[in-house]
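Overview (structure and organization)
Single-letter residue listing:
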Amino acid sequence: MTSTVRRRSRFRPAALFLGALALLAVGLCLCYAHGIKAARHSAEQAPLREIAVRIVGSSDLAIYNAARYLRHVTLTDVSTPFQECPGCFDYFPEAMSANPPGFNELSTQMSFGAP
Amino acid sequence: MNRYLNLLDFTLYSLLRRKWKILFLMLLFSYLVFLFSSVLLLTGAIKNEAKKGVRALPDITIQRLTAGRQVPIPAAYGEKLREVFGIAEIEPRIWGYYFVASTQANYTILGYDNERDAWKGLGRIVLQGTSGVSLGEGEAILGEGILKDRYLRLGQTLSLDTPSQTTKSFQVVGAFKGVTNLLTYDVILLNQRDAREILGVEEGFVTDFSVYISNKNEITTVAKKIMQILPGTRVVIKNQLARTYDMVYSWRSGFTLITLLGCLFAFAMMVWERASGLSAEEKREIGILKATGWDTSDILIMKSWEGLGISLTSFVAGLIGSYVFTFVLGAPLLKSLILGWSVLYPPFTFTPSVSLDQILVLLSLTVVPYLIATVIPSWRAATVDPDTVIRGV
């Protein structure tokens, strides 16, 4: 009986639970710090990005460039789907979840972090 | 304080008796939060990335339509635009696409005007080669993607075909810096005359006009005036462009979330099952506690601890997991669903973008229903006579 009481007082579940909560709170703080650091880095690059937008004339992201009609999603252009011939195979770019074969050993996947 | 800690101790001992069931429940809870928040975080980040440049966009873009299709617009329209009061700057632009069959990639070709003041900052975003930032005939500045696609380096020659099937060569005099990859990865900047030749835009015509307005409150008014003096044109204002990003990226996340709805329904069914009644064991436990002198409020506190302990820790664990998965590991698998693929994919890092409303929506969809499903049946059982509960009548 005494040993049970001792064991219970040593491993008080409330303390373990609050410890786990504290660990999660530390995890949240680390995520927050990571976010702040990344946002600061992004803010430093903002002027360069704005120059690029001014020169390119569009803020559309260069991630869909396998079809002319999708490269600039905010602007219409002279291209339309299936323009080579009616119903002919088109250069459709953005299949869901399936990747294309690699061209010229280029990466076809978005990579996060350093290239 | 000690009372609450003792109640917490008791709650946790009670949970430990059902540890495998509770562990499975917490894993399921965390996984659900992880799935939904990963989709929301990734979509939020890419929308945020696209919207970053909106401030620098032209206030109005003017295109010409013939038979419902966009066609080059006469450069003379620029003179008519000057008559509109409130316009600060008019920029005729020559741009278009160049398809490369061997790599199935589309390059974006832009005509560069050395005289344009707004473009003087080019030197800050370009790694210069053999000449300055002024772009002469036969010279080109390339995005990183094109350098890689064509195995080119500064000083080498890029060959492009004209619509008349002749080939024209350009010396690569600069490359866009990696920091602008998301905007310039597939861009070729040429002198305006060269861009005309490669794109086949005739003299006296331009692709479209970018217009900047002095007073930003008058953008809509000026746009209406332009539509009156230039019938047959499409006038696009900046706000419409910003809204497009919401639509383009939201449909993809919406599609992905729909496929995950099954998980949410399964979770809702589990919560419903709990809300509809406690197990016989749980009822007996409450009855015994009441018989040994516990108040209804003590039982409610205990059950609140139980609900909060399970749901909040699972929620936070799922949230942290999704953050690390999305912004540290790069959302493997999920990025294919949300972003698709392309031939020239720019390498870049997303800036984390977490909004409070996203977290609140997830919280209200998961933690709140679970808490209700834990406390309400316990309250029902705690208000019944202990003898009836223990006997299971």
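Cut-off values and rules
As a convention, each chain's residues are numbered from 1 in the sequence order in which they are written. Throughout, the order in which chains and ligands are written sets their labels, letters from A for the former and numbers from 1 for the latter. The model is predicted, so local features are restricted to residues of pLDDT at least 70 and side-chain atom pairs to those at 80 or more, both for listing and for counting; the totals for chains, interfaces and linings are taken over all residues. Where helices and strands are cited, they refer to DSSP runs of H or I of at least four residues and of E of at least two residues respectively, numbered from the N terminus. Put plainly, a residue is buried at 20 or more neighbouring C-beta atoms within 10 Å of its own, exposed at 12 or fewer, and partly exposed in between, counting only other residues' C-beta atoms, which are placed from the backbone. By the convention adopted here, residues are in contact when the distance between their C-beta atoms, placed from the backbone, does not exceed 7 Å. At least two DSSP bridges between two strands are required for those strands to pair. Domain boundaries shown here were taken from an automatic or database domain assignment. Note that Gly is not counted as nonpolar here; it falls among the polar residues with everything else outside the nonpolar set of Ala, Val, Leu, Ile, Met, Phe, Trp, Tyr, Cys and Pro and the charged set of Asp, Glu, Lys and Arg. pLDDT is a residue-level measure of predictor confidence that goes from 0 to 100. Each axis is a line fitted through C-alpha atoms, taken for helices only over the stretch in contact, and angles between the N-to-C directions span 0 to 180 degrees. Working rule for angles: under 35 degrees goes down as roughly parallel, over 145 as roughly antiparallel, 65 to 115 as roughly perpendicular, anything else as oblique. Left-handed describes a crossing whose near helix is turned anticlockwise from the far helix through less than a right angle; right-handed describes the clockwise counterpart. Here, expected helix span is obtained from the residue count minus one, scaled by 1.5 Å. Axes are fitted to the seven residues ending at a residue and to the seven starting at it; the angle between these axes is taken as the bend at that residue. The term nonpolar core refers to a group of buried residues, namely Ala, Val, Leu, Ile, Met, Phe, Trp, Tyr and Cys, whose C-beta atoms join them within 7 Å.

So, about the overall build of chain A. Looking only at helices and strands, chain A has three helices and zero strands in total. Residue burial in chain A is summarised as follows: out of 115 residues, 23% are buried. Here the analysis covers contacts within chain A between residues at least 6 apart in sequence; of these, 26% occur between residues at least 24 apart.

Next up on the list: the pairing of strand β5 (residues 95-100) of chain B. All names here are of chain B. Across six bridges, β5 lies against strand β6 (residues 105-112) in antiparallel orientation. Looking across to β6, one finds that Gly 96 is bridged to Ile 109. What sits between the antiparallel neighbours β5 and β6 is a turn of four residues, in which Gln 104 has the positive phi angle 60°.

Glancing now at the domain arrangement of chain B. Residues and elements named next belong to chain B. Under the domain assignment, chain B is made up of domain 1 (2-52 + 247-391) and domain 2 (95-200). Between domain 1 and domain 2, the C-alpha centre-to-centre distance is 51 Å. The interface is formed by six residues belonging to domain 1 together with nine residues belonging to domain 2. Broken down by class, the residue content of the side of domain 1 that touches domain 2 amounts to five nonpolar, no polar and one charged.

The next subject is unusual backbone geometry. Residues and elements named next belong to chain B. The phi torsion at Tyr 151 lies on the positive side, around 50°, for a residue other than glycine. Checked against the element boundaries, Tyr 151 lands in the loop between α5 (144-149) and β9 (157-161). For Gln 165, which is not a glycine, the phi torsion comes out positive at approximately 70°. Residue position: Gln 165 is located in the loop between β9 and β10 (167-176).

Turning to its location among the elements, B:Pro347 is positioned in the loop between α13 (334-339) and α14 (356-382). C-alpha of B:Pro347 to C-alpha of B:Glu115: the two residues are 232 residues apart in sequence and 32 Å apart in space.

Right, let's get into the confidence of the model for chain B. For chain B, mean pLDDT is 84; residues scoring 70 or higher make up 95% of the total. For this predicted complex, the interface confidence reaches an ipTM of 0.76, while the overall pTM sits at 0.78.

Attention now goes to the confidence of the model for chain A. Residues and elements named next belong to chain A. On average, residues of chain A score 69 in pLDDT, and 54% of them are at 70 or above. Considering each helix and strand of chain A separately, the mean pLDDT is smallest for helix α1 (residues 2-10), with a value of 51, and largest for helix α2 (residues 13-56), with 89. Here residues 1-6 is modelled with pLDDT under 50, and outside its nearest four sequence neighbours on either side it reaches zero contacts, counting other chains as well. Note on residues 82-100: pLDDT under 50 across the span, and 30 contacts to partners over four residues away in sequence or across chains.

Another aspect to go through is the packing of helix α12 (residues 296-328) of chain B against α14(B). Residue and element names in this part refer to chain B. Two elements in contact, α12 and α14, have axes whose closest approach is 9 Å; the angle formed by their N-to-C orientations is 160°. Judged on the interaxial angle alone, α14 and α12 are roughly antiparallel. Relative to α14, α12 is oriented so that their crossing is right-handed. Side by side, α12 and α14 meet where Thr 296, Ile 299, Leu 300, Lys 303, Ser 304, Glu 306, Gly 307, Leu 308, Ser 311, Leu 312 and Phe 315 of the first sit next to Leu 363, Thr 366, Val 367, Tyr 370, Leu 371, Thr 374, Val 375, Ser 378, Trp 379 and Ala 382 of the second. Tallied by class, residues from the contact of α12 with α14 come to twelve nonpolar, seven polar and two charged.

Let's shift gears to α2(A). All names here are of chain A. For α2, spanning 44 residues, the distance from its first C-alpha to its last is 60 Å, which sits close to the expected 64 Å at 1.5 Å a residue. At Ala 46, α2 shows its maximal bend, which comes to roughly 45°, and the proline Pro 47 appears one to four places after that position. For α2, every residue scored as buried is listed here: Arg 49, Ile 51, Ala 52, Val 53, Arg 54, Ile 55 and Val 56. Immediately beyond the C-terminal end of α2, within one or two residues, lies Gly 57, with a positive phi of roughly 80°.

Residues and elements named next belong to chain B. Counting 89 residues, the largest nonpolar core has Ile 109, Leu 110, Ala 140, Ile 141, Ile 188, Leu 189 and Leu 190 as its most contacted members. No other element matches the 13 residues that helix α2 (residues 19-51) contributes to this core. Residues contacting Ile 188, with those up to four places away along its chain left out, are Tyr 107, Ile 109, Ala 140, Leu 142 and Ile 146. Ile 286, Ile 299, Trp 305 and Ala 382 belong to the second largest nonpolar core, which has eight residues in total.

A few words now on the environment of B:Ser214. Looking at the secondary structure, you find B:Ser214 in the loop between β13 (208-213) and α8 (219-229). Along the primary structure B:Ser214 and B:Gly86 are separated by 128 residues, whereas in three dimensions their C-alpha atoms are 5.8 Å apart.

Moving on, we come to the pairing of β9(B). Residues and elements named next belong to chain B. For β9, a buried count of zero out of five residues is recorded, marking the element as mostly open to its surroundings. Where β9 lies against β10, five bridges are found, and the strand directions are antiparallel. When the sheet's bridge partners are listed, Leu 158 is paired in β10 with Phe 170. In this structure, the hairpin formed by β9 and β10 is closed by a connection of five residues, where Gln 165 is found at a positive phi of approximately 70°.

We now examine the environment of B:Glu273. Residue and element names in this part refer to chain B. With respect to the helices and strands, Glu 273 occurs in helix α10 (residues 261-275). Under the C-beta neighbour-count criterion, Glu 273 is labelled exposed, with 10 such atoms within 10 Å. Residues Glu 273 and Leu 339, spaced 66 residues apart in sequence, show a C-alpha to C-alpha distance of 37 Å.

Take the packing of α2(A) against helix α1 (residues 2-16) of chain B next. The contact between α2(A) and α1(B) brings their axes to 8 Å, and the two run at 90°. One way to sum up the angle between α2(A) and α1(B) is to call them roughly perpendicular. Each of A:Pro13, A:Ala14 and A:Phe17 in α2(A) lies in contact with α1(B), whose residues at this interface are B:Leu5, B:Leu8, B:Asp9, B:Leu12 and B:Tyr13. Its residues assigned to classes, the contact of α2(A) with α1(B) shows seven nonpolar, no polar and one charged.

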